[in-house]
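Structural description and commentary
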Amino acid sequence: MDLRPRSHPTYLAFVVHRVSGLLLALFLPVHFWALGSAIQGEARLEGLLRWTDNPLAKAGETVLVVLLAAHLAGGLRVLALEFLGWRARQKDMVAASAGVALLVGLVFLFNVV
Amino acid sequence: MSAASAGGAARAARQQTHLWVAQRVTAMVLAIAVVVHLVMIIGAVRGGLSAAEILGRTRGNEAWLAFYVVFALAAGLHGAIGLRNIAAETIGLRGRAADLAWLAIGLATAVFGIRAAIGLYA
Amino acid sequence: MASAASLTVSVWRGGEQGHFARFDVPARENQTVLDVVTYIQRELDPSLAYRFACRVGMCGSCAMTVNGRARWTCRTHVRKVVGAGGALELRPLGNLPVIRDLVADLAPFFDKWSRARGTFQPKEAEEGAVPDDFAIVPPASKQRRQADAGIECIGCAVCYSSCDVVAWNGDYLGPAALNRAWTLVNDVRDGARRDRLDAVAGDAGCHSCHSTQSCTERCPKNLDPSLAIAGLKRTLFWDTLLGRR
Ligand code: SF4
Ligand code: SF4
Ligand code: FES
């Protein structure tokens, strides 16, 4: 893929939105299924939660939280363009979206470890 | 283009528009729901997750049940329509049959989510 | 940057299948990319095919892919785009069939322009007759301003060749045709609003745009097709939700 015509911030925002959306959409059924099966009782739910205490699961959770925050913030940019016609500050909004995703990820990390 | 196929194309365009509208309506719902969800997650993981704590908040609480049912529906549909767009643009999977299949996948996902929401409530 | 004494120019030769040919062209203080192409054709290889007409950014016929980006060659100074060691890479516009060398076939681009109902349809005079009276369209009205914002398009296809959705979906109307449709949707004298909105709806129309804004980024006229497309989406959203269509 030729990156020369695709290096502007809004293109990057599209790529982040697409990749995060794809991963979240694939994770969603797993999330629902695992949660739905675990919630048959407090003990089983506790079991799932304890399993997620291992560092690898924690890292995975952090990635998911960052993906979710990135997709949310990027989606707000798209909605602002489509429904409010905000165009002047699109580049700033891309930067702000990235900031939000990073911040949420950091807060999550500080809270779990 | 014959009149019949022109009518078919117009109908297809209308159905595709409906999918797009559904995508944006669910996006607006999710914009709020995901903020709540993220705040909840970050609040909940403070000092470790525990099943008792989560269930204590959600058991018998209709407001949370309603929230999670709407959330699951919106997320299931939004994700499936997004996957539809990706499949169309990357592997050329298009057409009414594919669209209906994606809708079914979205609803099935939502059902799993609603099952989990009921688990949190009951 | 320090200017090299000569430019090393790679030029696409052939049709859809082809190769790059290398030419050395003397570097000048003030030189457009079109000057470079013309030099090659006049001095080095008269068989090179390319297109231009006005040389001043009015006609839009000289657009090519210069070092990976679509541009008007007549309004692009070499020093603004030249790579290290005086490297220039010239290809025909992307997302379009190649006729030969630097000439792309714009037929699909203009076909889509008409599929998007890009022609004005006078309200009172269905058959294109001249209306009896002048229409009064206040310059400060919102619709007039929205139409004005996109009206200067000269159909150069720079945006079209920069849009990935065009590459991913052969039916996609593309930024220029949709931008044109939006100016007409906002033209209060036009009578084909409903048909036009039908024509630009769905996967082949505005709903496939992902707001990457490559079109807006590249348009040499500084138009904002991406914003125009957002306007179409917004209009269709409310019309659909409120059952107006
Ligand atoms: S904003 Fe839309 S029309 Fe413009 S280049 Fe991106 S996808 Fe294409
Ligand atoms: S919108 Fe701009 S880039 Fe696209 S055809 Fe018109 S003038 Fe050219
Ligand atoms: S030659 Fe007319 S726009 Fe470049």
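Fair warning: this is a prediction, and the values are worked out from it, not measured in the lab.

Observations regarding the overall build of chain C
When its secondary structure is counted, chain C shows 10 helices and seven strands. The principal-axis extents of the C-alpha atoms in chain C amount to approximately 65 × 35 × 35 Å. Each of the 245 residues in chain C was classed as buried or not, and the buried ones make up 52%. The long-range fraction of contacts in chain C, counting pairs at least 24 apart against all pairs at least 6 apart in sequence, stands at 63%. In the structure as shown, chain C presents an accessible area of about 11,600 Å², 49% of it carried by carbon and sulfur atoms. Distance between charge centres in chain C, computed from 31 positive and 27 negative side chains, equals 5 Å.

Notes on the interface of chain A and chain C
On the side of chain C, 20 residues touch chain A, which itself brings 19 residues to the contact. Taken over both partners, the interface formed by chain A and chain C buries close to 1,900 Å², and the fraction arising from carbon and sulfur atoms is 49%. Our count for the chain A to chain C interface comes out at three salt bridges. For the interface between chain A and chain C, the tally reads 13 residue pairs in polar contact (both at pLDDT 80 or more).

A closer look at the UniProt feature "transmembrane region" (unreviewed entry) in chain A
Per the UniProt record, "transmembrane region" (unreviewed entry) is annotated on residues 62-81 and 93-112 of chain A. Counted over residues 62-81 of chain A, helix gives 100% and strand 0%. Its end C-alpha atoms are 29 Å apart.

What counts as what
- Residues numbered from 1 in each chain as written.
- Chains lettered and ligands numbered in written order.
- Predicted model: local features only at pLDDT ≥ 70, side-chain atom pairs only at ≥ 80, totals over all residues.
- Heavy atoms only, no water.
- Helix = DSSP H or I, 4+ residues; strand = E, 2+ residues; numbered from the N terminus.
- Buried < 20%, exposed > 50% of the residue type's maximum accessible area, 1.4 Å probe, protein only.
- Contact = heavy atoms within 4.5 Å.
- Areas by Shrake-Rupley, 256 points an atom, 1.4 Å probe, with all protein chains shown as cover.
- Lys, Arg positive; Asp, Glu negative; His and termini not counted.
- Charge placed at Lys NZ, Arg CZ, Asp CG, Glu CD.
- Buried area = accessible area lost by both parts, 1.4 Å probe.
- Salt bridge = Lys/Arg side-chain N within 4 Å of Asp/Glu carboxyl O.
- Polar contact = N/O pair within 3.5 Å; in protein donor to acceptor, adjacent residues only side chain to side chain.
- UniProt positions renumbered as here; feature names shortened; annotations may be inferred.

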